[in-house]
Amino acid sequence: MATLRLPDVVPSPRQDCERLRKAFQAQTPPGTTTCLNVVLCCSCILDSWLGLGTDEKAVIKVLGHRNARQRRIIGETYQQLYNKCLIDDLNAELSGDFRKAVILWIYDPPERDARLANEALNSRRKGVHELQVIVEIACASSPHHLIAVRQAYSILFDSSLEEDIISNVPMPLQKVLVSLVSSYRYDKNLVDSAIANSEAAKLYEVIKTKKLDHDDFLSILSTRNVFQLKETFLHYKKNYGNSIDEDILNCGKGNLESILKVAIWCIDSPEKHFAEVIRASIVGLGTDEDSLTRVIVTRAEIDMMKVKGEYFNTNKTNLDSAVIGDTSGDYQDFLMTLLGTNV
């Protein structure tokens, strides 16, 4: 389901370094001595910054084909070898949307999501466009990942994620988001059909009253395991004709209805939500690079293949082609690398 492509045999640090050195030699001024010492691949990244500019293609070649664990080890080794932070040097040497994407990719996933949540909470606008990332973290990832994000958030920002939601988000969105991020769902495939049927009825009654921040509604949505909720949503549609997200949107067109729809989609069909975020980021004039980057970077190691399939089924066009049509340069090459395309 992931689109990240690793080599069949992951090269040794020396092999990585040799490939990168060949790329860097093209930028080496005539007469410059070429270093033949055996060093780790991250030293090759450093060397590429010491000559005439940065060989962005070489950076993509290494970092765009390594998983989270491998990237973490590269960062740690870089710090040990040079007493410098890899992210600081990437920030200094790269630019624009390409720099944002690479740095977001380099962060350990829990830290990455903690930073994304904090950025959303500190944005001037607090609409669904900004806050949906918090719903994604709470509803489209594992319970263990959510706990790790909350821990990383507290370490990075000296405050809990829940506290910052309360401080920065108005009601009723505040109540919804706190409920979602505070939960710890059971992560096994355990389903009780009778409970699903009963709770579908509860959800229907709440939706009929249009009190979408009702405690019963949020309790079901935030505490039941994903498999149980999917069964509940099936019972809802079978018993009442419409899907639950359709009935929620029929209650109104405000932020509350929209954020709950995002939660339903992230629980029931994450690929549907992320395909829609990508579509919205590239439709019309201009491109929402931050949203496009977020989805590709955060889902490349999880379910981007399913997102690509959903995108094609919904939009009748290839996601790769859509991204190529709205991006350019090293930024495009990096995103396409994460999407599994040879560039």
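Everything below is about the structure shown above.
All figures in this text were calculated on a predicted structure; none of them were measured in a lab.

What counts and what doesn't
- Residues numbered from 1 in each chain as written.
- Predicted model: local features only at pLDDT ≥ 70, side-chain atom pairs only at ≥ 80, totals over all residues.
- Heavy atoms only, no water.
- Phe/Tyr/Trp six-rings, centres within 6.5 Å; stacked < 30°, edge-to-face > 60°.
- Helix = DSSP H or I, 4+ residues; strand = E, 2+ residues; numbered from the N terminus.
- Buried < 20%, exposed > 50% of the residue type's maximum accessible area, 1.4 Å probe, protein only.
- Core = buried A, V, L, I, M, F, W, Y, C linked by side-chain atoms within 4.5 Å.
- Contact = heavy atoms within 4.5 Å.
- Axes fitted to C-alpha atoms, helices over the stretch in contact; angles between N-to-C directions.
- Left-handed = near helix turned anticlockwise from the far one by under 90°.
- Nonpolar A, V, L, I, M, F, W, Y, C, P; charged D, E, K, R; others polar.
- Salt bridge = Lys/Arg side-chain N within 4 Å of Asp/Glu carboxyl O.
- Expected span 1.5 Å × (residues − 1).
- Arc of directions from axis to C-beta.
- Parallel < 35°, antiparallel > 145°, perpendicular 65-115°, else oblique.

Chemist: Before we move on, could you go through the packing of aromatic side chains and cite the residues and values that matter?
Modeler: Throughout the structure, instances matching the rule amount to five aromatic pairs. With a centroid separation of 4.8 Å and an interplanar angle of 55 degrees, the aromatic rings of Y153 and F157 are classed as tilted. Taken together, the residues Y153 and F157, both in helix α9 (residues 143–157) and four residues apart, mark about one turn of the helix. When its relative accessible area of 26% is taken as the criterion, F157 is described as partly exposed.

Chemist: Which residues make up the nonpolar core, and what values do they have?
Modeler: Generally speaking, soluble globular proteins have nonpolar side chains that are buried together. Formed by 92 residues in total, the largest nonpolar core has its most connected members in L90, I134, I165, F217, I259 and L260. For this core, the leading source of residues is helix α16 (residues 255–268), giving nine residues.

Chemist: So, the environment of S160: which residues are in play, and what are the values?
Modeler: Looking at the element boundaries, S160 is found in the loop between α9 and α10 (161–168). Between the alpha carbons of S160 and R150 there is a distance of 6.9 Å; along the sequence they are 10 residues apart. Here S160 is in contact with Y153 and S154, once residues within four sequence places are set aside.

Chemist: Before we move on, can you summarise the packing of helix α8 (residues 128–139) against α16 with the specific residues and values?
Modeler: Between α8 and α16, the shortest axis-to-axis distance is 9 Å and the interhelical angle comes to 35 degrees. Crossing hand, α8 versus α16: right-handed. In this structure, α8 uses V128, L131, Q132, V135, E136 and C139 to contact α16, whose residues at the interface are N255, S258, I259, V262, A263, C266 and I267. Within the contact of α8 with α16, the residues separate by chemical class into nine nonpolar, three polar and one charged.

Chemist: Mind laying out the pattern of salt bridges, listing which residues take part and the relevant values?
Modeler: Across all of its chains, the model carries 17 salt bridges by this definition. Residues K57 and D333 are paired through a salt bridge, measuring 3.1 Å at the closest nitrogen-oxygen approach. Here K57 is found in helix α3 (residues 56–63), whereas its partner D333 is found in helix α21 (residues 329–338), with 276 residues between them in sequence. Look at K57 and you get partly exposed, because its relative accessible area is 47%. By relative accessible area, which is 15% here, D333 ends up buried. Across the salt bridge formed by E199 and R224, the nearest N and O atoms sit 2.7 Å from each other. Here E199 is found in helix α12 (residues 193–209), whereas its partner R224 is found in the loop between α13 (215–223) and α14 (226–240), with 25 residues between them in sequence. Each of K57, D330 and D333 takes part in one network of salt bridges that share partners.

Chemist: So what's going on with the environment of F217? Residues and values would help.
Modeler: Within the secondary structure layout, F217 lies in helix α13. In sequence terms F217 and Y204 are 13 residues apart; their C-alpha atoms lie 9.3 Å from each other. Apart from the residues within four sequence positions on either side, F217 is in contact with L203, V206, I207, L212, I248 and L260.

Chemist: Residue-level account of helix α19 (residues 304–315), with values.
Modeler: Taking 1.5 Å of rise per residue, 12 residues should cover 16 Å, and α19 covers 16 Å from first to last C-alpha, within 8% of that figure. Of all the residues in α19, the buried ones are M304, V307, K308 and Y311. Buried residues in α19, looked at end-on, bunch into an arc of 100 degrees, giving them a common side.

Chemist: Residues and numbers for the packing of helix α7 (residues 109–121) against α10, please.
Modeler: Running from N to C, α7 and α10 cross one another at 15 degrees; their axes reach a closest spacing of 10 Å. Here α10 runs roughly parallel to α7, going by the angle between their axes. Crossing handedness for the pair α7 and α10: left-handed. Residue-level inspection shows A117, N118 and L121 of α7 in contact with α10, the latter providing L161, D164, I165 and N168.

Chemist: Outline unusual backbone geometry, listing residues and values.
Modeler: Here the residue pair M171 and P172 is connected by a cis peptide bond, since its omega of 5 degrees sits within 30 degrees of zero. Along the chain, P172 turns up in the loop between α10 and α11 (173–182). In this structure, D158 is a non-glycine residue whose phi angle is positive, near 55 degrees. One can find D158 in the loop between α9 and α10. The phi angle at K210 is positive, at roughly 65 degrees, despite the residue not being glycine. With respect to the helices, strands and loops of the structure, K210 is situated in the loop between α12 and α13. Assessed through its relative accessible area of 54%, K210 is described here as exposed.

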